[in-house]
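# Notes for the structure review
What follows is each chain in one-letter form.
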Amino acid sequence: MTATQETRAEIGRDRRRKEDQRLITGRTRWTDNLTLPGMLHLAMVRSPFAHARITAIDTSAATAAPNVVAVVTGADVADEQGSLPNAWAITTDQVTPPHPPVAVDRVAFAGEIVAVVVARSAAEARDAAELVDVDYEELPAALDLKEAAQDTVLAHPDLGTNKSALWVFDSGEAGTGGSVEEAIAKARTDGIVLEREYRQQRLIPAFMEPRSVVVDPTGEQITMWSATQIPHILRFLLAAVLGIPESKVRVIAPDVGGGFGGKLQTTPEEFIAMVLARRLGKPVKYTETRSESLVSGHHGRDQWQKLTLSAERDGTVTGLKVELLADLGAYVSLVGGGVPVLGAFMFNAIYKFPAYHFACQTVLTNKTWTDAYRGAGRPEATFAIERLMDELAVEVGMDPLAVREKNWIRHDEFPFTTVAGLEYDSGNYEAATARAKEMFGYDALRAEQAERRASGDPVQLGIGVSTFTEMCGLAPSRVLGSLNYGAGGWEHATVRMLPTGKVEVVTGTSAHGQGHETAFSQIIADRLGVAFEDVEVLHGDTQIAPKGLDTYGSRSLVVGGEALVKAADKVIEKARPIAAHLLEASVDDLDFAGGRFTVRGTDQGVGIGDVALATFAAHNLPDGVEPSLDSEATYDPVNFNFPHGTHLCAAEVDTETGEVRLRKYVCCDDIGTIINPLIVEGQVHGGLVQGIAQALWEEAVYDDSGTLVSGSFVDYTLPSAADTISFEVDHTTSPATTNSLGTKGVGEAGTIASTPAVVNAVVDAVRHLGVSDLTMPCTPERVWRAVNQAKGAGQ
């Protein structure tokens, strides 16, 4: 039963995703598809007010409704529901308000749960929820981020402040650079100082599958199925907060329809479902509506960014000062306070700033809580510095690419320790930029732009640049510990050789659309020399994969994939003495390649599948060798990894209507070794659309009372395929030096890079008309107003 491997390597090969067959044929395992015997359904009663005191709740009508089993208020479960955890207190004095899953006496945002109806069907639960009568005493709401930072109105009056934490990094104090104040002072005398303020609007992850949770308390364990990115972390926190032995909790993330960070959360609904299932002794299910998802699932971004850049008159940067206000919303979520801290290490980007200062004030408001959204801190940082580098280019009269090249880290300077203290291990910004310019036709488009400006064409052409890098593979446990993060960053994997020669792979990462089953199969197929089709990847179930830290921060391949490699290598080493025994040869004389052990200098050999069968039979094993090849490994990187790329966008702007149309978009990313180019292209395309959507369309908008007015897809304008163009994608390769495969992250690259590329293009199209900035999203109305205001100012 020898397993054989095709001669063609799997790594680097286009493979259609194994997962897609069941997805496109309707054999999916979504949480909402589950039906258990005797299952009850939950419906949430939510506050319409952003800030209010709960003065009374009358549940009598709802309790009397058909097939209603129970109506539960926060007061009913106050002693058992606990408080939702914050895993990243970014300072020791962080102000963190309690966050009960069901509000007890006060609500802090519109959409907060105030009561739960339990009924025999979802429809009956929703109908009864309409009958719950809640009396509120409305309170003043803290809604504007800048005003909230002044404590004008308090989001939580008992705290006495809206300021949650102030996190500061200074290169002079850290010993990673000079004094930024000295650099700015010098530049005010004999250089250039640019001061700009940018707004990162609030966004909604808007994943395809709404969140859903099912809890079954009837077995020896309590089993939760949840549409989550983090089954292992969720299991730990459920046990810790609710006082349940962890061994008695099983969490399963079945097929999960997207997340983008929006399911990197422990939710009120998960906790209350667990509490009620245990209380009632029956399975319960909750699936949110799309409106509930938009109003109560966590949001992303929402920052004010003030940047001060100092430079010499020739465009050489000398200092960067960043001051942020970050809106946490009503509560400090799982890692929400830490999201802007991640960005702290990326404002310096690919540039050799000699001095750097970063300060972030996180602020509580009466809006939906914020947390990670695709890129998590890195898109915010990249947007600001890439916008500012365009401003520097204008100030010194240089081409935007030229001013970047003047300041970036050269390929022969790697590894390079940045002013923020990170060591970039590899990269080649020159190669990626050269390839992007070639694909884009940069010089020809600049010539066309000049012609349009000279002719006064009402439709102007703008060219936007974004040369980015990111820290990803969120992992090094010691680094995370130094930042007071509440967990490690390691990942675990198990590789099991079955007696038939097939391979089972168990990973602690948890896919929700990334293609783990395919990419991990390719890695193992190459490493063990087995057929791609003979590898099965298991994940997302804490009973099957008991160890893991899940999926976020572009970590699955560079951390989880490396754990797989190490486990596979252990399989080979465990098989080696058994193969030597079968071949009557010395262990030292064996080579392993293409799935076979061979005796060096002979044609004798045995396949790893034959070794697996012999190990299973255990009839003829060396003395002292256990009859198992199964191996596991835990990998904790020593550093992040740093993909990078150059993105170029051409946008046409109708100066008479403000309409923006993308003309051309190209990108050349360096993500190290590529496992599956087809998956990578899909990841990049999806990321590009999300980043472009922030630039042009998406924004979560609240009215003056704190109501989310963009609470449906009528008003929250997600793009469709018809709104975008075809993208041209290519890659250069500078393998990472921090893992054996040379891989880097890719899942967030497109989102991080594309937003500033598009906004830079729009501003570039109308800059000659007097427009130097636009607030995102760059809607036709905003562009039109900016153009007309500039014209009026110039008259």
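See the structure shown above.
Residues numbered from 1 in each chain as written. Predicted model: local features only at pLDDT ≥ 70, side-chain atom pairs only at ≥ 80, totals over all residues. Heavy atoms only, no water.

What follows deals with the overall build of the chain. Within the chain one finds 21 helices and 28 strands. In terms of overall size, the chain behaves like a compact globule, its C-alpha atoms giving a radius of gyration of 28 Å where 795 residues would be expected to give roughly 28 Å. By its C-alpha atoms, the chain is 95 × 75 × 50 Å across when sized along the principal axes. A total of 795 residues make up the chain; the buried ones form 61% of that total. Counting only contacts in the chain whose residues sit at least 6 apart along the sequence, the fraction spanning at least 24 positions is 79%. Of the roughly 28700 Å² that the chain leaves accessible, carbon and sulfur atoms contribute 50%. (Helix = DSSP H or I, 4+ residues; strand = E, 2+ residues; numbered from the N terminus. Rg over C-alpha atoms; globule rule 2.2 N^0.38 Å. Buried < 20%, exposed > 50% of the residue type's maximum accessible area, 1.4 Å probe, protein only. Contact = heavy atoms within 4.5 Å. Areas by Shrake-Rupley, 256 points an atom, 1.4 Å probe, with all protein chains shown as cover.)

A few words now on the pattern of salt bridges. With the rule as written, the count across this model stands at 61 salt bridges. With a shortest N-O distance of 3.2 Å, Glu10 and Arg13 are connected by a salt bridge. Take Glu10 and Arg13: they sit in the same class, and that class is buried. For Arg663, the salt bridge goes to Glu652, with nearest N and O atoms at 3.3 Å. (Salt bridge = Lys/Arg side-chain N within 4 Å of Asp/Glu carboxyl O.)

Our focus in this paragraph is unusual backbone geometry. With an omega of -5°, the peptide bond running from Phe414 to Pro415 counts as cis. Along the chain, Pro415 turns up in the loop between helix H12 (400-407) and strand S16 (416-417). Notably, Asp151 is not glycine yet its phi reads approximately 60°, a positive angle. The class of Asp151 is partly exposed, set by a relative accessible area of 24%. At Asn484, a position not held by glycine, the phi torsion is positive, near 70°.

This next bit is on the sheet that holds strand S12 (residues 284-287). The 7 strands lie next to each other as S3-S5-S1-S12-S9-S10-S11, forming an open sheet whose pairing is mixed. Looking at the sheet topology across the chains shown, the edges are occupied by strand S3 (68-73) and strand S11 (249-252). Across the sheet, the axes of successive neighbouring strands diverge by a mean angle of 20°, strand direction being ignored. Pairing geometry for S3 and strand S5 (residues 113-119), over 5 bridges, is antiparallel. When the bridges of S5 are listed, Val68 appears paired with Ala119. Of the strands in this sheet, strand S1 (40-46), S3 and S5 touch helix H3 (residues 122-129), which is tilted by about 25° from S1. (Pairing = 2+ DSSP bridges. Axes fitted to C-alpha atoms, helices over the stretch in contact; angles between N-to-C directions.)

With that settled, the discussion passes to the packing of helix H11 (residues 378-396) against helix H20 (residues 749-766). Packing of H11 against H20 leaves a shortest axis separation of 8 Å and a crossing angle of 30°. Accordingly, the angle class assigned to the pair H11 and H20 is roughly parallel. Where H11 crosses over H20, the two elements pack in a sense that is right-handed. Where H11 approaches H20, its residues Arg378, Pro379, Thr382, Phe383, Glu386, Arg387 and Asp390 are matched on the opposing element by Thr751, Ile752, Thr755, Pro756, Val759, Asn760 and Val763. Classifying every residue of the contact of H11 with H20 gives 6 nonpolar, 4 polar and 4 charged. (Parallel < 35°, antiparallel > 145°, perpendicular 65-115°, else oblique. Left-handed = near helix turned anticlockwise from the far one by under 90°. Nonpolar A, V, L, I, M, F, W, Y, C, P; charged D, E, K, R; others polar.)

Take the pairing of strand S28 (residues 728-732) next. By the bridge criterion, 5 bridges tie strand S27 (residues 660-670) to S28 in an arrangement that is parallel. Bridge assignment links Asp670 to a residue of S28, and that residue is Thr732. Each parallel crossover has a hand, and the one from S27 via helix H19 (residues 677-696) to S28 is right-handed. (Right-handed = clockwise from strand over helix to strand, strands pointing away.)

Now for the sheet that holds strand S19 (residues 491-497). What the 4 strands build is an open sheet, ordered S21-S20-S19-S25; its pairing is mixed. Each edge of the open sheet is held by one strand with a lone partner, namely strand S21 (535-538) and strand S25 (631-635). Across the sheet, the mean angle separating the axes of adjacent strands is 20° when strand polarity is ignored. Here strand S20 (residues 503-507) pairs with S21 via 4 bridges, running parallel. Bridge assignment links Val505 to a residue of S21, and that residue is Val537. Its contacts with the sheet place helix H16 (residues 516-528) against S19, S20 and S21, and it is angled at close to 135° to S21.

Grouped together as the largest cluster of nonpolar side chains are 99 residues, with contacts concentrated most on Leu320, Phe347 and Phe358. Sort the elements by how many residues they give to this core and H11 lands first, with 9 residues. Leave out the neighbours within four places in its chain, and Phe347 touches Gln305, Leu307, Leu320, Val322, Leu324, Tyr356, Phe358, Glu380, Ala381, Ala384 and Ile385. The next biggest cluster of nonpolar side chains, apart from the first, holds 42 residues, and it includes Val503, Val537, Ala580 and Ile608. (Core = buried A, V, L, I, M, F, W, Y, C linked by side-chain atoms within 4.5 Å.)

Attention now moves to the packing of aromatic side chains. The tally for this structure, following the rule as stated, stands at 15 aromatic pairs. Among the aromatic residues, those joined into a cluster by ring pairs are Trp167, Phe345, Phe347 and Phe358. The ring of Trp304 has Lys146 sitting right over it, with the charged end atom 4.0 Å from the ring centre. Of note, Lys263 hangs over the ring of Phe207, and the distance from its end group to the ring centre comes to 4.6 Å. (Phe/Tyr/Trp six-rings, centres within 6.5 Å; stacked < 30°, edge-to-face > 60°. Lys NZ or Arg CZ within 6 Å of the ring centre and 35° of its normal.)

Moving on, we get to helix H8 (residues 268-280). Counted at 1.5 Å a residue, the expected span for H8 with its 13 residues is 18 Å, and the 18 Å between its end C-alpha atoms agrees. In terms of burial, H8 is largely enclosed, as 10 of its 13 residues are buried. Regarding H8, the residues found buried are Pro268, Glu269, Glu270, Phe271, Ile272, Ala273, Met274, Val275, Leu276 and Ala277. Just beyond H8, the residue with positive phi is Gly281, at close to 70°. (Expected span 1.5 Å × (residues − 1).)

Here we come to the state of the cysteines. Considering all chains together, one arrives at 0 disulfides under this definition. Cys778 supplies the cysteine sulfur nearest to Cys649, a cysteine that is in no disulfide, at a spacing of 11 Å. (Disulfide = S-S within 2.5 Å.)

On the secondary structure map, Glu288 appears in the loop between S12 and helix H9 (290-296). Given a relative accessible area of 4%, Glu288 falls into the buried group. One polar contact links Glu288 to Ser293, side chain to side chain, over a distance of 3.1 Å. (Polar contact = N/O pair within 3.5 Å; in protein donor to acceptor, adjacent residues only side chain to side chain.)

Right, let's talk about helix H13 (residues 429-440) for a bit. The terminal C-alpha atoms of H13 lie 16 Å apart, and with 12 residues this matches the ideal 16 Å at 1.5 Å per residue to within 8%. Looking at H13, one finds that the buried residues are Tyr429, Ala432, Thr433, Ala436, Met439 and Phe440. Angularly, the buried residues of H13 cover 130° about the axis, an arc narrow enough to put them on a single face. Just past H13, the residue Gly441 takes up positive phi, approximately 70°. (Arc of directions from axis to C-beta.)

This next bit is on the packing of helix H17 (residues 556-583) against helix H18 (residues 608-617). Close contact between H17 and H18 brings their axes to 10 Å; oriented N to C, the two are set at 80°. The orientation of H17 relative to H18 falls into the category roughly perpendicular. Two secondary-structure elements touch here, H17 through Val571, Ala575, Ile578, Ala579 and Leu582 and H18 through Ile608, Val611, Ala614 and Thr615. Looking at the contact of H17 with H18 residue by residue, the classes come out as 8 nonpolar, 1 polar and no charged.

Relative to the elements of secondary structure, Gln221 occurs in the loop between strand S9 (212-216) and strand S10 (222-226). Among the polar contacts listed, one links the side chain of Gln221 to the side chain of Gln543, at a separation of 3.3 Å. Ignoring any residue separated from it by four or fewer positions in sequence, one finds Gln221 in contact with Asp216, Ser247, Lys248, Val249, Arg250 and Gln543.

As a further point, take the environment of Gly561. By secondary structure assignment, the location of Gly561 is in helix H17. Owing to a relative accessible area of 0%, Gly561 belongs among the buried residues under this scheme. The sequence separation of Gly561 and Thr743 amounts to 182 residues, and the corresponding C-alpha distance is 9.1 Å. Setting aside residues up to four positions removed in sequence, Gly561 forms contacts with Phe520 and Ser556.

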